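Listed here are the chains, written in short residue letters.
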Amino acid sequence: MPERPIGSALKALAGSNVSRGFESRPLCLMTYRLDRRFVLRAIGLNLIVAGVSAALAFLLSFVGALAWVFGVLAVMAVLNALRVLGMPPVVARTDANEVRVGGFLTVRPVHVAWSSVEDATTDGGRLFFDRVDGEVLAFPLAYVGGRADELVVDVYHRLNTANGYQRFDPS
């Protein structure tokens, strides 16, 4: 199969193989969203709140202002359930400088710079970040569900890039 002229020109400028290594290099910003089993719990809770609020709005319809308050609460709970269903919250985000784990419906968000991470290991469904200051940050991989392996490989690649050499083996 003949090469396109653009590829040949790029190879001539940059060397023999321009695309070598790009497949394994992570993108600038990777986002990992909450797994659907946790999302469904949040949606169910919102719908329960909406149902109870709607029932209270109908029962208290003789008190105008209180019925409106519960009616608005019911609508807001349904809209929040649809928002969470349409776009689950981000629970992990990696970029060239840092990793952020945690977020809405999970643990408190923590930002960790790659330069302050000594080691990253997995054990028992958790991703552990050993920090330079001696603290260990544990993040449950269940929050990202089926993308857990992808997150671990991304973390190892980003640590290798931050350290400037191949220190961690993602396999």
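Everything quoted here is computed from the prediction, not taken from an experiment.

About the cut-offs
Residues numbered from 1 in each chain as written. Predicted model: local features only at pLDDT ≥ 70, side-chain atom pairs only at ≥ 80, totals over all residues. Heavy atoms only, no water. Pairing = 2+ DSSP bridges. Helix = DSSP H or I, 4+ residues; strand = E, 2+ residues; numbered from the N terminus. pLDDT = per-residue confidence, 0-100. Contact = heavy atoms within 4.5 Å. Expected span 1.5 Å × (residues − 1). Buried < 20%, exposed > 50% of the residue type's maximum accessible area, 1.4 Å probe, protein only. Core = buried A, V, L, I, M, F, W, Y, C linked by side-chain atoms within 4.5 Å. Axes fitted to C-alpha atoms, helices over the stretch in contact; angles between N-to-C directions.

Re the pairing of strand β6 (residues 126–131)
Working step 1: Sheet analysis places strand β5 (residues 117–123) next to β6, joined by six bridges and oriented antiparallel. For Asp119, the partnering residue across the bridge sits in β6 and is Asp130.
Working step 2: With five bridges connecting them, β6 and strand β7 (residues 136–140) associate as antiparallel partners. Across the sheet, Asp130 pairs through a bridge with Val136, a residue of β7.
Working step 3: From the end of β6 to the start of β7, which pair antiparallel, there are four residues, and Gly134 there has a positive phi angle of about 95°.

Section: the confidence of the model for the protein chain
Working step 1: In the predicted model, the protein chain carries a mean pLDDT of 82, and 80% of its residues have values of at least 70.
Working step 2: Contacts for the low-pLDDT stretch residues 1–5, under 50 throughout, to residues beyond four places or in other chains number two contacts.
Working step 3: Within the model, the stretch residues 7–26 combines pLDDT values under 50 with ten contacts to residues more than four positions away or in other chains.

Structural notes on helix α3 (residues 64–86)
Working step 1: Across its 23 residues, α3 extends 33 Å between first and last C-alpha, which sits within 8% of the 33 Å expected from 1.5 Å per residue.
Working step 2: The set of residues buried in α3 consists of Ala67, Ala74, Ala77, Ala81 and Val84.
Working step 3: Considering only its buried residues, α3 is in contact with α2 (36–59).

Focus on the nonpolar core
What tends to happen in soluble globular proteins is that the nonpolar side chains get buried as a cluster.
Working step 1: Val101, Leu127, Phe129, Phe139, Val144, Leu151 and Val155 are the most contacted members of the largest nonpolar core, which has 31 residues in total.
Working step 2: When residues in this core are grouped by element, the largest group, six residues, is from helix α4 (residues 148–163).
Working step 3: Not counting the four nearest positions on each side in its chain, Val155 is found in contact with Trp114, Ala120, Leu127 and Phe129.

Regarding the sheet that holds strand β4 (residues 110–113)
In a beta sheet, neighbouring strands are held together by backbone hydrogen bonds and run either parallel or antiparallel to one another.
Working step 1: Overall, antiparallel pairing links the four strands, which are arranged β1-β2-β3-β4 in an open sheet. The sheet is open, and its two edges are formed by β1 (29–33) and β4, each paired on a single side. Here the strands of the sheet are splayed against their neighbours by 10° on average, with no regard to which way each runs.
Working step 2: Where strand β2 (residues 90–95) meets strand β3 (residues 98–101), three bridges bridge the pair, whose relative direction is antiparallel.

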